[in-house]
Amino acid sequence: MSTEAGNHHKQDSAWPELEKAEKLARGAALKWASGIFYRPDQLERLGQYRKRETQRTSSVQSRLKSAVQSYLEGVGTGLGQLRTSLDDVRAVCRTMVEVQEECQNKVNGFESLSQLSGLVSDHVQLSTAVHNLHQVFSVPEVVAETQQLIEERRLLEAHTKLMEMECWRDDILYQLHRAGKQKTEGEQVVLSYFSGVGQLNEDLAKELWDVVSCGLTLVKQDPALFVSAIRVIEREEKIDQVTMDSQSQHKFLPPGRPKNLRQVFFKVIEQSTAAQFRARHTDTKGPGLANHLSALQNNVLNDLKVVKHLMVQCCPPHYNILQTYAVLHHTCLSGHLQDIISWDLEKGEIYTVLHWIRHVYHSSPEMMDHPDLFPDVDVASLGPLISQDALEQLQIKYVNAVRIALSDWMQKALDAEVSDWHSEGGPESDHEGYYHSSLPAIVTQMLEENVQVAMMIGDHLRDQMIVMALQELESFLYRFREAVISYGRERNKDTQPKHYMLNLLAAVNNCIAFRKSVQWLQQQSDRASHNDCCLKAAHTVDVAVDRAMKKSCRLLIDEMLLELQFMLVEGLRMVVVEYLRRLMLKKIVCKNPAEREKMAHRMSHDATQLQELFCNLGLGDADRLTNVISSISELIKLTDSSLLSLEVSGLVANYPDISDEHVSVLLDIRGDVSKEVRGTVLDMLEQNSQPPEGYQSIFSDILVPAPILPFCLPTVKCG
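### Overview of the overall build of the chain
Within the chain, the secondary structure is distributed over 26 helices and two strands. A buried classification covers 36% of the 719 residues belonging to the chain. Considering only residue pairs separated by 6 or more positions, the chain has 75% of its internal contacts joining residues 24 or more positions apart. Accessible surface computed for the chain: about 43,000 Å², of which carbon and sulfur atoms make up 56%.

### Quick look at the nonpolar core
Ranked by size, the top nonpolar core spans 124 residues in total, and within it Phe265, Val353, Met368 and Leu473 carry the most contacts. For this core, the leading source of residues is helix 19 (residues 459-491), giving 14 residues. Every residue in contact with Met368, bar those within four places of it in the chain, is listed here: Val300, Leu304, Ala326, Tyr361, His362, Leu373, Val377, Val379 and Leu382.

### Section: the environment of Asp668
Inspection of the secondary structure assignment puts Asp668 in helix 25 (residues 660-670). With 32 residues separating them in the primary sequence, Asp668 and Ile636 have C-alpha atoms 9.8 Å apart. Apart from residues no more than four positions distant in its own chain, Asp668 is found in contact with Ile588, Val589 and Arg678. Here the side chain of Asp668 touches Arg678 through a polar contact of 2.5 Å, side chain to side chain.

### What about helix 18 (residues 439-455)?
Think of an α-helix as turning once every 3.6 residues; residues three or four places apart then point the same way. Taking 1.5 Å of rise per residue, 17 residues should cover 24 Å, and helix 18 covers 24 Å from first to last C-alpha, within 8% of that figure. By the burial criterion, the buried members of helix 18 are Leu439, Pro440, Val443, Thr444, Met446, Leu447, Asn450, Val451 and Ala454. Buried residues in helix 18, looked at end-on, bunch into an arc of 155 degrees, giving them a common side.

### Details of the packing of helix 18 against helix 19
Between helix 18 and helix 19, the least distance of the axes is 8 Å, while the angle of their chain directions is 165 degrees. It follows from the interaxial angle that helix 18 and helix 19 lie roughly antiparallel. For the crossing formed where helix 18 meets helix 19, the hand is right-handed. Judged by residue contacts, Leu439, Val443, Leu447, Asn450, Val451, Ala454 and Met455 of helix 18 engage Leu461, Arg462, Met465, Ile466, Ala469, Leu473, Phe476 and Phe480 from helix 19.

### Regarding the packing of aromatic side chains
Under the criterion given, the structure shown has 12 aromatic pairs. Measuring from centroid to centroid gives 6.2 Å for Trp421 and Phe480, while their planes differ by 65 degrees, and the two rings are edge-to-face. On the criterion of sequence distance, the pair formed by Trp421 in helix 17 (residues 388-421) and Phe480 in helix 19 is long-range, its members being 59 residues apart. Here the two residues Trp421 and Phe480 agree in accessibility, since each one is buried.

### Digging into unusual backbone geometry
A positive phi angle, near 60 degrees, is found at Arg153, a position not held by glycine. If you trace the backbone, Arg153 turns up in the loop between helix 6 (133-151) and helix 7 (155-178). Look at Asn260: it is not a glycine, yet its phi comes out positive at around 55 degrees. Along the chain, Asn260 turns up in the loop between helix 11 (223-250) and helix 12 (261-279). Given the relative accessible area of 29%, Asn260 is considered partly exposed.

### Considering helix 24 (residues 644-654)
Every buried residue of helix 24 is listed here: Leu644, Val648, Leu651 and Val652. Looking straight down helix 24, one finds that the buried residues subtend no more than 100 degrees of arc, so they occupy a single side. Pointing more than 90 degrees away from the buried face of helix 24 are the exposed residues Leu646 and Ala653. Tucked into the core, helix 24 has its buried residues touching helix 23 (623-637), helix 25 and helix 26 (675-685).

### Quick look at the packing of helix 22 (residues 593-616) against helix 23
Running from N to C, helix 22 and helix 23 cross one another at 175 degrees; their axes reach a closest spacing of 8 Å. By the angle between their directions, the pair helix 22 and helix 23 is classed as roughly antiparallel. Contact residues: Arg596, Glu597, Met599, Ala600, Met603, Ser604, Ala607, Leu610 and Gln611 in helix 22; Asp623, Thr626, Ile629, Ser630, Ile632, Ser633, Ile636 and Lys637 in helix 23. Its residues assigned to classes, the contact of helix 22 with helix 23 comprises eight nonpolar, five polar and four charged.

### Observations concerning the pattern of salt bridges
Side-chain pairs of opposite charge can arise whenever the charged atoms involved come near each other. Counting across every chain of the model gives 28 salt bridges. Here Arg602 and Asp606 are joined by a salt bridge, their closest N and O atoms 3.3 Å apart. Here Arg602 pairs with Asp606, and both are found in helix 22, just four residues apart, close to one helical turn. Salt bridges here are not isolated pairs; linked through shared partners, they connect Glu152, Arg154 and Glu157.

### Considerations on the side chain of Thr444
Residue placement: Thr444 occurs in helix 18. A distance of 2.7 Å separates a polar side-chain atom of Thr444 from the backbone oxygen of Pro440.

### Let's talk about the state of the cysteines
Tallied over the full model, the rule gives zero disulfides. Cys315 supplies the cysteine sulfur nearest to Cys314, a cysteine that is in no disulfide, at a spacing of 6.2 Å. Taking relative accessible area as the criterion, Cys314 reaches 12% and is therefore assigned buried.

About the criteria used
- Residues numbered from 1 in each chain as written.
- Predicted model: local features only at pLDDT ≥ 70, side-chain atom pairs only at ≥ 80, totals over all residues.
- Heavy atoms only, no water.
- Helix = DSSP H or I, 4+ residues; strand = E, 2+ residues; numbered from the N terminus.
- Buried < 20%, exposed > 50% of the residue type's maximum accessible area, 1.4 Å probe, protein only.
- Contact = heavy atoms within 4.5 Å.
- Areas by Shrake-Rupley, 256 points an atom, 1.4 Å probe, with all protein chains shown as cover.
- Core = buried A, V, L, I, M, F, W, Y, C linked by side-chain atoms within 4.5 Å.
- Polar contact = N/O pair within 3.5 Å; in protein donor to acceptor, adjacent residues only side chain to side chain.
- Expected span 1.5 Å × (residues − 1).
- Arc of directions from axis to C-beta.
- Axes fitted to C-alpha atoms, helices over the stretch in contact; angles between N-to-C directions.
- Parallel < 35°, antiparallel > 145°, perpendicular 65-115°, else oblique.
- Left-handed = near helix turned anticlockwise from the far one by under 90°.
- Phe/Tyr/Trp six-rings, centres within 6.5 Å; stacked < 30°, edge-to-face > 60°.
- Nonpolar A, V, L, I, M, F, W, Y, C, P; charged D, E, K, R; others polar.
- Salt bridge = Lys/Arg side-chain N within 4 Å of Asp/Glu carboxyl O.
- Disulfide = S-S within 2.5 Å.

No statement about biological role is implied by the geometric values presented.
Structure follows, in structure tokens:
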């Protein structure tokens, strides 16, 4: 590679923009040439084009050389000026060193001027004193006059004189400040001389705040005094503003500034409102709480009416005095209610507070929503009287108080119900004949009344009350079920409760009524929102109702089965008695052993069928009554008549109420009993003992017709 090519390559790598520019230029030239010489006849003008471009290139090169030459000349000129400036700076530095050395040599000479400075300061102070001599001498007199005006509550005049004295004092202090003697003995002398001004400030402020604290009363009696106090406050606010603006320029702040009386004004009315609020508080526990809240309602409304109709005209608009008083009363009420809800309140008192907070304070036309206050008082900006958490806790406290009262009341109702179960009178019946008691009506009324009362507070408390009512009803139903179980145990004792079955029927009907109460409570919740807690509580109460109803039905069924056992025993006895009566009335006489065998077999078969029939109906000891038929069949079937006495004695032993007439009829049915055997058997019956205690008679209900005695005379026909 040649040296020129290498240099060209290094130049391209060092100046990539140059290479790019060269490529663009070559491309542009090629495009231009191809555009001009694209036909053969145009090649004849090639010499002209070459000459013209050569001239143009020479012109450009000349201009470039001229520009570069001018640039180089300017750089040379600048370098020369920089050299000159450097020489000047070095000269100034040498001069400054010489001046510093000269000043250091003459410092001792300036110390002799300090005495002259002190004389100048004294002269300034004396000049200031002479200039303000008249005002200085009149200060004690003006102080006395101002004090008299303050005592007479001529506030504007007193404040005018006080401003004059403050102006004198501040002018003197400012002149001392300008002389550079602030915080010196002269300033202390001035402040000591004008010390009465500070005391006047305190006295005037005391009178101002007394007037402001009694503002609600004064605007009704003497609004001029209250207006004077407001004008004094506004004067001082303007002086504070001017003073602060001047302080940023002169670095001088008079003593006691800024006074910020407007801020103190609002602080005073806040304190006076709180004090008046505390003064209105009396013993608010017990039944007096509702009266106390009503009094608060009237007092707050009356105060705000006074502010709107009277005090607003006495204060500048930017004070926004009506909203200020509304906020102050709101704050005081909030604090007072926080104290009230921290007490051990009963449920009625809690409800009174809840209703007052939720419906009286904000929305009642007799309070913050009064037409006289709307729309000047922004009720929405006041916020709630108590926090949401405190309100929630108060509602829970109310629900728990109602829960305790409900539980106690429902237990008393249950005790009265149990007592009625043991009374002489049975349960009541409705127009359709269904037995019931007043228990469901009492419990349902209690629950519904408390839920309806809670609805007047709000939906959330309503749902809480419904859940609580369902829970208490569930607990009550379990206690009701236990009472029914205990009542059922008494049935198994020796003394059976009177109207037992009727009371069980009433208990079942009461459970049906309780289910309707559950449905009503659930509907009250579902009417506005689907509350999962309410649904869950309603389900558990349904389970409790089912359990109580099933237990009552079980006891009722057991009693009905027991009554059915009595009825089956009596029915079987009547069947047996009727069977034996028919047997004895037919006067059947067996002629031979075969007929006796046949009749005995038939009677035994009948006894077996009766026993099976009544056993299937649920009578467990049916054979106790059917055995009498079997015993008589054995008596008839007996083949050895000599054993009749023994058979009859067994029959008599088992059925003591059998008489000799019954036995005689049975012996007649056999048809083979001799007079001797009959006499022996009947003689044995005369020695029969009395029936044992608890014996259920059979033969005593069977009447045997007397036998017909034969006549000894022949019958004749009537003529």
